[in-house]
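Reading the structure
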Amino acid sequence: MITIKNKKNGQGLKRAVEELSGVDISVCFQCKKCSSGCPVARLTRSRPSEIMRQLHLGAGNELLESDLVWMCASCETCSARCPMGIDVAAVIDALRKLALARGASKQKGNVPLFNRAFLKTVETFGRSYEIGMIAAYKLGTGKLMNDTEKFPAMLKKGKIALLPPRGGDRKTVRRIFKTVKQNKEAKA
Ligand code: SF4
Ligand code: SF4
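The structure presented is a predicted model; accordingly, all values stated were derived computationally and were not measured. (Residues numbered from 1 in each chain as written. Chains lettered and ligands numbered in written order. Predicted model: local features only at pLDDT ≥ 70, side-chain atom pairs only at ≥ 80, totals over all residues.)

**Notes on the overall build of the protein chain**
So the rule is basically this: The numbering of helices and of strands both runs from the N terminus, where a helix is a DSSP run of H or I of at least 4 residues and a strand a run of E of at least 2. As a rule, residues whose C-beta atom has 12 or fewer other C-beta atoms within 10 Å are exposed, those with 20 or more are buried, and those in between are partly exposed; C-beta atoms are placed from the backbone.
Check the secondary structure of the protein chain and you find 10 helices and 0 strands. Mapped from its N terminus to its C terminus, the protein chain presents α and β elements in the order α-α-α-α-α-α-α-α-α-α. Its C-alpha atoms put the protein chain at 50 × 40 × 30 Å along the principal axes. Here the protein chain holds 188 residues, and the buried ones make up 22% of them.

What follows is the structure, given as structure tokens:
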């Protein structure tokens, strides 16, 4: 069910999302192909097509509390399936940016911890390093032994590497992280 709670702020988030994503929300004709292909839609309260409809109807900041904003895997299946060529993934990404910018971030459970662990390994090694990320994440959750039975099979199939990745431009990646931190501090 679609519930628009806040229509006081006129256009709602539509214009801001359109500016950030470059998408024309009004061309969506609610065929729902985006939702039927979305791998996380069965787990979320809102589906991509519903988000599109809510934006069209003038939804405001309440949309930033949608669980899809944080559960979206950025797989872009929705964008690929849309018959109107709408980049639905960019719309969700725009909502994520607005949620952070407006302090409406409601990341659930261990999502922030996972994000921090992932970004820290990228900052340190210049690329993602799964074992480092898993170790940091598990230390944070305190559940060190969860899912360890999968580890030998993943190692055997080459899905995970023991050693950190070589290559990659660590210096450049660190510089990017530093610049982002400085920009954030300057805005604060
Ligand atoms: S697939 Fe495209 S047109 Fe269809 S509901 Fe999703 S965004 Fe709208
Ligand atoms: S990009 Fe996000 S919303 Fe779109 S199909 Fe993938 S998980 Fe679903």
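That covers the picture; the talk isn't over yet.
**Some words on the site of ligand 2**
For clarity, the cut-off: The C-beta atom of each residue is placed using the backbone, and any residue whose C-beta lies within 6 Å of a molecule or strand is treated as near it. The residue classification treats Ala, Val, Leu, Ile, Met, Phe, Trp, Tyr, Cys and Pro as nonpolar and Asp, Glu, Lys and Arg as charged. All others, Gly included, are polar.
Close contacts around ligand 2 come from 15 residues, with Cys 38, Cys 72, Cys 75, Cys 78 and Ala 89 the closest. Among the elements of the structure, helix 5 (77-81) and helix 6 (88-101) are those that each provide at least two residues to the shell around ligand 2. For the shell around ligand 2, the element with the most residues is helix 6, which contributes 3 residues. Residue classes in the shell around ligand 2 are distributed as 11 nonpolar, 3 polar and 1 charged.

**A word on the site of ligand 1**
As a matter of local geometry, ligand 1 sits amid 14 residues, with Cys 28, Cys 31, Cys 34, Ser 49 and Cys 82 nearest to it. Of all elements in the fold, only helix 2 (33-37) and helix 3 (48-56) reach the threshold of two or more residues within the shell around ligand 1. In terms of residue class, the shell around ligand 1 is made up of 9 nonpolar, 2 polar and 3 charged.

**Notes on the environment of Ala 80**
Following the sequence through the fold, Ala 80 ends up in helix 5. When the C-alpha positions of Ala 80 and Cys 38 are compared, they lie 11 Å apart, and in sequence the two are 42 residues distant.

**Quick notes on helix 8 (residues 130-141)**
Our working rule: Multiplying one less than the number of residues by 1.5 Å gives the expected span of a helix.
Here helix 8 contains 12 residues, and its C-alpha end-to-end distance of 16 Å stays within 8% of the 16 Å for a straight helix at 1.5 Å per residue. At the exit of helix 8 stands Gly 142, carrying a positive phi of roughly 80 degrees.

**Quick look at helix 3**
Filter applied, for reference: We call two residues in contact whenever the C-beta atoms placed from their backbones are within 7 Å.
Counting buried positions over the 9 residues of helix 3 gives 7, a clear majority of the element. Taken together, the buried residues of helix 3 touch helix 1 (14-21), helix 2, helix 4 (67-71), helix 5 and helix 6.

**Focus: unusual backbone geometry**
Notably, Ser 74 is not glycine yet its phi reads approximately 55 degrees, a positive angle. Note on Ser 74: 11 C-beta atoms within 10 Å, which makes it exposed. At Asp 147, a position not held by glycine, the phi torsion is positive, near 65 degrees. Turning to its location among the elements, Asp 147 is positioned in the loop between helix 8 and helix 9 (151-156).

Shape descriptors only; they carry no functional weight alone.
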